[in-house]
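# Remarks on the overall topology
Each chain, letter by letter, is given below.
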Amino acid sequence: GTENVPGAVGFARAMELAVANMPAEAKKLSSLRDRLEKGILERIPEVAVNGRGAPRLPGTLNVSFPGVDGEALLMSMDMAGVALSTGSACSIGEVEPSHVLLAMGVNPRTAASSLRFSMGWGTNDEGVNHILEVLPPIVERLRRVSGGVTGRTP
């Protein structure tokens, strides 16, 4: 058949641009990830950042919210206009806790309360601000109705 030469040329150019912009994009995403992480830790008691202190992808943040069902949190955030996942990118659609978190030694109950925040080229300060605005009251409400973590340290 006929080769899609314009498509191949366009793809090659897109790859050139992506590679050329990769360092700046990684720096931007790391900054947004770190700001989101700091904001969550400051606003929500008793959360755990999974992989904190280890090398991580610039645009990925995984946080456990003990006392909250991850699926309920996922649905509540979706209704607030935030798209997230409860597992790793390679386990989308699975109901079980992330096998990656379990392999890291996170207990199954905590792993089931985890969300993965993935950021990309379209992520900006406004998106992070929106998450930091809607997430704390949702976590607080879900903990209250589930009888989960109250914010008091035992």
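Check the entry above for the structure.
The text that follows walks through the structure, step by step, so that each part is easy to find. All figures in this text were calculated on a predicted structure; none of them were measured in a lab. (Residues numbered from 1 in each chain as written. Predicted model: local features only at pLDDT ≥ 70, side-chain atom pairs only at ≥ 80, totals over all residues. Heavy atoms only, no water.)

## Regarding the side chain of Glu 37
Selection criterion: In this text, helices come from DSSP runs of H or I with a minimum length of four residues, and strands from runs of E with a minimum of two, each type numbered from the N-terminal end. The contact criterion used throughout is that any non-hydrogen atoms of two residues lie within 4.5 Å.
Among the secondary structure elements, Glu 37 is positioned in helix H1 (residues 5-43). Non-local contacts of Glu 37, meaning those with residues more than four positions away in its chain, are made with Val 49, Arg 52, Arg 56 and Leu 61.

## So, the nonpolar core
For clarity, the threshold we go by: For our purposes a nonpolar core is just a set of buried Ala, Val, Leu, Ile, Met, Phe, Trp, Tyr and Cys residues, chained together by side-chain atoms within 4.5 Å. For the exposure calls, accessible area comes from a 1.4 Å probe over protein chains only, and a residue counts as buried if that area is under 20% of its type's maximum, exposed if over 50%, partly exposed in between.
Counting residues in hydrophobic clusters, the biggest one holds 27 residues, and the most contacted among them are Leu 36, Ile 40, Phe 65, Leu 73, Met 77, Phe 117 and Leu 135. Within the residue set of this core, elements represented by two or more residues are H1, strand E2 (60-64), helix H2 (70-79), strand E3 (114-118) and helix H5 (125-146). Considering each element in turn, this core owes the most residues, 8 residues, to H5. If we ignore the near neighbours within four places in the chain, the residues touching Ile 40 are Val 47, Leu 61, Val 63, Phe 65, Phe 117, Leu 132 and Leu 135.

## What about the packing of H1 against H5?
Note the cut-off: To get an axis, a line is fitted to the C-alpha atoms, and for a helix only the part in contact is used. The angle between two axes follows their N-to-C directions and goes from 0 to 180 degrees. Small angles under 35 degrees read as roughly parallel and large ones over 145 as roughly antiparallel, with 65 to 115 read as roughly perpendicular and the rest as oblique. Crossing handedness follows the turn of the near helix against the far one: under a right angle anticlockwise gives a left-handed crossing, and clockwise gives a right-handed one. For this classification, Asp, Glu, Lys and Arg are treated as charged, while Ala, Val, Leu, Ile, Met, Phe, Trp, Tyr, Cys and Pro are nonpolar and the rest, including Gly, are polar.
Interhelical geometry of H1 versus H5 gives an angle of 20° and a closest axis separation of 10 Å. Relative to H5, the element H1 lies roughly parallel. For the element pair H1 and H5, the recorded crossing hand is right-handed. When H1 is examined against H5, the residues Leu 32, Arg 35, Leu 36, Gly 39, Ile 40 and Arg 43 are found in contact with a partner set consisting of Asp 125, Val 128, Asn 129, Ile 131, Leu 132, Leu 135 and Pro 136. Looking at side-chain class alone, the contact of H1 with H5 contains 8 nonpolar, 2 polar and 3 charged residues.

## Some remarks on the pairing of E2
Applicable threshold: Note on pairing: two strands pair once DSSP finds at least 2 bridges between them.
Of all the 5 residues making up E2, 4 are buried; the element is thus mostly covered by neighbouring parts of the structure. Two strands pair when backbone bridges link them, and strand E1 (residues 48-50) and E2 are joined in this way by 3 bridges, in the antiparallel orientation. Counted as the bridge partner of Asn 50 is Asn 62 from E2.

## Focus: the pattern of salt bridges
Pairing is possible between side chains of opposite charge, provided their charged atoms come close. Heads up, the condition is: We count a salt bridge whenever a side-chain nitrogen from Lys or Arg sits within 4 Å of a carboxyl oxygen from Asp or Glu.
Tallied over the entire structure, the rule returns 8 salt bridges. Arg 35 is the partner of Asp 125 in a salt bridge, and the nearest nitrogen-oxygen pair spans 3.3 Å. Of this pair, Asp 125 sits in helix H5 while Arg 35 sits in helix H1, and the two are 90 residues apart along the sequence. The class for Arg 35 is partly exposed, based on a relative accessible area of 30%. One salt bridge in this structure joins Glu 140 and Arg 144, with 3.8 Å as the shortest N-O distance. On the criterion of helical spacing, the pair formed by Glu 140 and Arg 144 is a turn pair, its members being 4 residues apart in helix H5. Exposure class is identical for Glu 140 and Arg 144. Each is exposed.

## Regarding the side chain of Ser 113
As for its position among the elements, Ser 113 is in the loop between helix H4 (108-111) and E3. Residue Ser 113 is classed as buried on the basis of its relative accessible area, which comes to 2%. In contact with Ser 113, not counting residues within four places along its chain, are Val 63, Ser 64, Phe 65, Pro 66, Val 68 and Gly 70.

## A closer look at H5
To keep it simple, the criterion reads: To estimate how far a helix should extend, the number of its residues minus one is multiplied by 1.5 Å. One axis is fitted to the seven residues ending at the residue and one to the seven starting there. The bend at that residue is the angle between these axes. Pairs of N or O atoms within 3.5 Å make up the polar contacts considered here, provided that, within protein, one atom can donate a hydrogen while the other can accept it, and that residues adjacent in sequence are counted only when both atoms are side-chain atoms.
Taking 1.5 Å of rise per residue, 22 residues should cover 32 Å, and H5 covers 32 Å from first to last C-alpha, within 8% of that figure. The largest bend along H5 reaches roughly 25° and is located at Leu 135, with the proline Pro 136 sitting one to four residues downstream. Here H5 has its buried residues at Val 128, Ile 131, Leu 132, Val 134, Leu 135, Pro 136, Ile 138, Val 139, Leu 142 and Arg 143. Residues of H5 that are buried make contact with H1, H2 and E3. Two to three positions downstream of the cap, the backbone nitrogen of Glu 126 sits 3.1 Å from a side-chain oxygen, assigning the N-cap of H5 to Asn 124.

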